[in-house]
Amino acid sequence: MNSKTDIRIDIQKLKKLPTLSWTAERILNLTSKELTHLDELVDIIERDPPIMSKVLGVANIVYFGIYKPITTVKDALLKIGFKALKNIALSISIFSLFKSSQEKEKSYMRLFKHSIATGTVCQIISEKFLNEPSEDNFATGVLHDIGLFALNYAFYEQFQKIEQALSRENSLTQAEKKILGTTHSEMGKWLAEIWGLPEIFCDVILYHHEPPQKSVKYAKNVALVQLSNSIAEKLGYHPFEVKIESEFYREKVYKLLDVPEPEELVNELKEILKEVENL
Ligand SMILES: [Fe+2]
Ligand SMILES: [Fe+2]
């Protein structure tokens, strides 16, 4: 069995894992300061029809009720703006790196829907209730479990063992520590660092199952992702077939966020999140 060090080395050398694709890398480096980058973003997305249809599908869910329907990539750029479109496209192109055999299709789709649901909840809560909404909220929410995608893609045997252990263990973190000696949060953070994703992603990925205050700079972002992750699970979007609830440090989260109680948010988001099923 792999030890933590083996897994870390495998990830850091990107041994069994994909490097960032040209598409993802290009999108990551686009900035709104360069006018030509606006057209380039549209161009990159349009050039890849499977990615384009997912980007539009996700944009319509995240901005449901505000801009629906978004019909073309140009339309999305006009309505939701450069940064929001960039973040959706980046996330979708990162997820597409982890698509592999048919055998894993079911678990991949479960992770995909859990991630989109979490990102959507993050974005909606931040727009509706936070003073400083940021388009980064969608991306941090959507990428928080990237370590699970890596596990599913490159360490499938261990992924299955963890999934089986969940019916006894009742804590994903505990099951992972026993089977892997590490967690998907650590694995995701290593990967995000190697890919050169911004620091905010690395922190949210690393701490999303822990008290948010553990992050010195991004505690609020961690809190938002943890709350959104929990709401996504309550609405049926679990990352595993075995439905266990992730760590949710309710009191600590609510010290950082002035938003309605989870039960109220669940009610409010129920209808919108149904759309995730159709992706
Ligand atoms: Fe997680
Ligand atoms: Fe999650």
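Residues numbered from 1 in each chain as written. Chains lettered and ligands numbered in written order. Predicted model: local features only at pLDDT ≥ 70, side-chain atom pairs only at ≥ 80, totals over all residues.

## Some details on helix α3 (residues 35-46)
Now for step 1: Those residues of α3 not exposed but buried are Leu-41, Val-42, Ile-44 and Ile-45. Projection of α3 onto a plane perpendicular to its axis shows the buried side chains occupying an angular sector of 165 degrees, all on one side. Residues of α3 that are exposed and point more than 90 degrees away from the buried face comprise Leu-35, Thr-36 and Asp-39.
Now for step 2: The secondary structure elements touched by the buried residues of α3 are α2 (22-29), α4 (49-62), α5 (73-80) and α6 (82-97). (Buried ≥ 20, exposed ≤ 12 C-beta atoms within 10 Å, placed from the backbone. Helix = DSSP H or I, 4+ residues; strand = E, 2+ residues; numbered from the N terminus. Arc of directions from axis to C-beta. Contact = placed C-beta atoms within 7 Å.)

## Structural notes on the environment of His-208
Now for step 1: Mapped onto the fold, His-208 is located in the loop between α13 (199-207) and α14 (219-234).
Now for step 2: The exposure class assigned to His-208 is buried, which follows from the 28 C-beta atoms found within 10 Å.
Now for step 3: His-208 sits 97 residues away from Leu-111 along the chain, and the two C-alpha atoms are 16 Å apart.
Now for step 4: The contacts of His-208, once residues within four sequence positions are left out, are His-144, Ser-185, Val-222, Val-225, Gln-226 and Asn-229.

Function cannot be read off these values alone, since they describe shape.
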